[in-house]
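Structural overview
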Amino acid sequence: MKTRTPVPHVHWRDSVGSSLLLAAESMRANPGRAALAVIGIVIGIVTVSLVATVLVNVRNQVALLFRELGTDNVFAFHLSGDPYSPASDEEARRQPLDRRFGDVIARESDAVEGAAAQILIPSVVNGRALSARAGSAVSDTVLVEGASASFFDIVGAEFAHGRPFTDLEDRAAARVAVVGSSLSSALFGSGAGEAALGREVYLLGEPYSVVGVLAQRRGGFFGENRQDSVMAIPAATARRRFPDSDATVLYLRAAAGRLQSAQTEIETVLRRLRRLGPDEPNDFNLSTSEQIIGTFDRVGAGIALATIGLAAVSLLIGGIGIANVMIIAVTERTREIGLRMSLGARRQDVLRQFLIESVLLSLLGGACGLAVAALLTALLTLVLPGFRPVLPLWAVAFGLGSSCLTGILAGYLPARQAAGMDPVEALRHEAA
Amino acid sequence: MSDNISPGAELLELHDVHKVYQVGSEEVRALDGVDLSVSPGEYLAIMGASGSGKSTLMNLLGCLDTPSSGSYRLNGVAVEALSDEELAAIRNQEIGFVFQTFNLLARTTALSNVELPLVYAGLSKKERGRKAERALERVGLGDRMAHRSNELSGGQRQRVAVARALVNEPSILLADEPTGNLDSTTSGEIMELFDQLNRSGNTVILVTHEDDLAAHAHRTVTLRDGKIISDKKTQ
């Protein structure tokens, strides 16, 4: 008489291995059905990974863009939103900040060690689009702004050629200009380089002499940075030539490690300069590049959440597809289930086999989705210069994790149906 | 699991076994008071017309099903009291099934088919391979191990199935019309295989309705209407 093993158990590696074969087998036997089953999952994963890649790219570029304006800088503006957008009704009544406030703050606040002012000139002045002209070359994407002499130092601007304008040029309202790299190329040819210096650029019919050309910016949306089309003229010149444009951004550089206290001190001084009573709210807005990036991240997180919701719907549809295929598979293989039971498979062995198949099918869909997403992001780099096709790790993890979960959820009922079969009935089942 | 094994016990012992199915409002008595004892090493044929209850009896003997009433002791273990999981273990360890339709996994190699019971027994890959090879050699298919079952002839397929039934060294080989899908020459070969396995000590139970098949066995039990109507030694 032989001794009986109490209850045999199947090692998971064996069931994964054999289920892998079986899953591959059933997919090969009916590739169309398998493709239909996983298409929902593919779409879901593609959506999530594409949005994730784009978000991460935009976020990195936004971060770079604002960090290029100085990570130690506090920006002060009389409105709270985007300086180039129209203000809300309440904020529209606010007076722009005076460009000389920066120097007052720098003098009075310990934590502020430098100040600069930037005057924003709209691209349409008196109903006419601003354009810059040099000889026969014209650029109508020019972004004109007034800048104090200290501006380039405060934002850490890099010069490819020439120099910033001087304090004297600012005070004298000289017609000099520092131009961005794209503008220089547009007006003087892409190889102009140093030859741009001393050339004249016409703005509203008046000539400005180029004293500096900026290096190309690193940040920007998909390789475009409007700052590369900038034509910076002295702030005093801007006030004189564009008297209606007085929207001023103050750049206040905090001493190393004192960004927090700088913000408090700037607020105190600005409130006094703006003559605000103790109960009146601020009529200006302070921000730092990290705060702006933080705001963007909150928007990005919202988009990411919405995408995940969208993906959840795709995964649900995908899950229904998987469940369908599994139900068909269980029915078709009823006899096989009976056979396995007759050979000693326990109900949990059968359950596990079909669950593993379902998960493998879903993971296949997830992997296809990731592959398609990788392909699409690679294509995006061809269309969008500066776009880096990095699929963030969390998107890969989410993709594979959620397909795995979908497989378990979708496969559970069919697998339980298989596991609950009566072996006698199952063996008697006619092959389909 | 009960373990009161009396010495010299029969391999299997059925006592007053009933199996009743409910078909709609009607009760079908598939087995109606069956008593049967089989000793180790016997070669038994179970005969009967269709509907006589022989399939039901085979399912009970193979522990695929449990009796409605009565007792079934296999190797001293009271089968009627076992859980699904314990029944699966018994099928794995004690019973070797051979079916009329072979029931091999198509497009799977002979070796993998034979390994299947060992997978459920929890054996290592290496040991499975070794045992499955030996079982295939025993049925004369040592040179067909890597063939997929759909590349094999009917006789070869049934040999693979016999190897699969043997691989776990079960107490009973339970064959249900094992030659039903084979031509007469191949049938003869398969029956020769069973004879040979019985000579080397295996207990063989054949379920069939063919007299010339039953003639291979040493004892024939005939069923009608769920009752044993004859039980005689033939050799």
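A few words now on the overall build of chain B. Helix and strand content of chain B: seven helices and ten strands. In terms of overall dimensions, chain B is globule-like: its C-alpha atoms have a radius of gyration of 18 Å, near the 18 Å expected for 235 residues. C-alpha extents for chain B along the principal axes are approximately 50 × 40 × 40 Å. Within the span of chain B, comprising 235 residues, buried residues form 51% of the whole. The contacts of chain B with a sequence gap of at least 6 include a subset with a gap of at least 24, amounting to 68%.

Of regular secondary structure, chain A possesses 14 helices and 14 strands. Relative to its length of 432 residues, chain A is extended, with a C-alpha radius of gyration of 33 Å against a globular reference of 22 Å. A principal-axis box enclosing the C-alpha atoms of chain A has dimensions of 110 × 55 × 40 Å. In chain A, buried positions account for 43% of the 432 residues. Within chain A, residue pairs in contact and separated by at least 24 positions form 83% of the contacts whose partners lie at least 6 positions apart.

Glancing now at helix H3 (residues 110–120) of chain B. Residues three or four positions apart in an α-helix share a direction because the helix packs 3.6 residues into each turn. All names here are of chain B. Among the eleven residues that make up H3, eleven are buried, leaving the element largely enclosed by the rest of the structure. Those residues of H3 that fall on the buried side of the exposure criterion are Ala110, Leu111, Ser112, Asn113, Val114, Glu115, Leu116, Pro117, Leu118, Val119 and Tyr120. Immediately beyond the C-terminal end of H3, within one or two residues, lies Gly122, with a positive phi of roughly 80°.

Here the focus is unusual backbone geometry. Residues and elements named next belong to chain B. Within the chain, Asp16 stands out as a residue other than glycine whose phi angle is a positive 50°. Owing to 13 C-beta atoms within 10 Å, Asp16 belongs among the partly exposed residues under this scheme. Its identity is not glycine, yet Asp225 carries a phi of approximately 50°, on the positive side. By secondary structure assignment, the location of Asp225 is in the loop between strand E9 (219–224) and strand E10 (227–233). A residue is classified by how many C-beta atoms lie within 10 Å of it, and Asp225, with 14 of them, is partly exposed.

Time to look at the packing of H3(B) against helix H4 (residues 125–138) of chain B. All names here are of chain B. In the contact formed by H3 and H4, the axes pass within 9 Å of each other and the chain directions differ by 120°. Considering the angle they form, H3 stands oblique to H4. Judged by the twist between their axes, the crossing of H3 over H4 is right-handed. Across from Ala110, Leu111, Val114, Glu115, Leu118 and Val119 in H3, the residues of H4 making contact are Arg128, Lys131, Ala132, Glu133, Ala135 and Leu136.

Moving on to the pairing of E9(B). Residue and element names in this part refer to chain B. In the sheet, strand E3 (residues 43–47) pairs with E9 via four bridges, with the strands oriented parallel. Counterpart to Leu44 in the pairing with E9 is Arg219. Linking two consecutive strands that pair antiparallel, namely E9 and E10, is a turn of two residues; a positive phi of about 50° is found at Asp225 within it.

A few words on the sheet that holds strand E7 (residues 172–176) of chain B. Residues and elements named next belong to chain B. Here six strands make up an open sheet; going across it, the order is E6-E7-E8-E3-E9-E10 and the pairing mixed. Here the strands that pair on one side only, and so sit at the sheet edges, are strand E6 (95–98) and E10. Across the sheet, the mean angle separating the axes of adjacent strands is 15° when strand polarity is ignored. Here helix H6 (residues 184–199) sits on the sheet and contacts E3, E7 and strand E8 (203–207); the angle it forms with E8, its principal contact strand, is near 150°.

All right, on to helix H9 (residues 259–273) of chain A then. All names here are of chain A. Under the 1.5 Å per step criterion, the end-to-end length of H9 is 21 Å for 15 residues, consistent within 8% with the ideal 21 Å. As for H9, its buried residues are in contact with strand E1 (73–77), helix H4 (101–108), strand E2 (112–120), strand E13 (248–254) and strand E14 (285–288). Among the residues trailing H9, Arg275 stands out with phi positive, at a value near 55°.

Close inspection of predicted coordinates is inappropriate for parts of the model with low pLDDT. All names here are of chain B. Summing up the model confidence of chain B, the mean pLDDT is 91 and the portion of residues at 70 or higher is 96%. Note on residues 1–7: pLDDT under 50 across the span, and seven contacts to partners over four residues away in sequence or across chains. With a pTM of 0.71, the predicted complex shows an ipTM of 0.92.

Strands belonging to one sheet form pairs held by backbone hydrogen bonds; the direction of such a pair is parallel or antiparallel. Residues and elements named next belong to chain B. With respect to topology, four strands assemble into an open sheet ordered E2-E1-E4-E5, the strand pairing being antiparallel. The sheet is open, and its two edges are formed by strand E2 (26–38) and strand E5 (77–78), each paired on a single side. When strand E4 (residues 69–74) meets E5, the two strands line up antiparallel, connected through two bridges. Bridge pairing in E5 links Arg73 to Ala78.

A separate point is the environment of A:Pro281. Residues and elements named next belong to chain A. Tracing the backbone through its elements, the reader meets Pro281 in the loop between H9 and E14. Pro281 sits in the exposed class, given 7 other C-beta atoms within 10 Å. In the structure, Pro281 is positioned ten residues away from Arg271 in sequence and 9.1 Å away in space, judged by C-alpha atoms.

Within the largest apolar cluster, 121 residues are counted, with the highest numbers of intra-cluster contacts made by B:Ile46, B:Val114, B:Leu136, B:Ala163, B:Leu174 and B:Leu206. The biggest single contributor to this core is helix H2 (residues 31–67) of chain A, with 13 residues. By size, the runner-up hydrophobic cluster in this structure holds 60 residues, among which are A:Leu143, A:Phe151, A:Ala196 and A:Ile233.

About the thresholds
- Residues numbered from 1 in each chain as written.
- Chains lettered and ligands numbered in written order.
- Predicted model: local features only at pLDDT ≥ 70, side-chain atom pairs only at ≥ 80, totals over all residues.
- Helix = DSSP H or I, 4+ residues; strand = E, 2+ residues; numbered from the N terminus.
- Rg over C-alpha atoms; globule rule 2.2 N^0.38 Å.
- Buried ≥ 20, exposed ≤ 12 C-beta atoms within 10 Å, placed from the backbone.
- Contact = placed C-beta atoms within 7 Å.
- Axes fitted to C-alpha atoms, helices over the stretch in contact; angles between N-to-C directions.
- Parallel < 35°, antiparallel > 145°, perpendicular 65-115°, else oblique.
- Left-handed = near helix turned anticlockwise from the far one by under 90°.
- Pairing = 2+ DSSP bridges.
- Expected span 1.5 Å × (residues − 1).
- pLDDT = per-residue confidence, 0-100.
- Core = buried A, V, L, I, M, F, W, Y, C linked by C-beta atoms within 7 Å.

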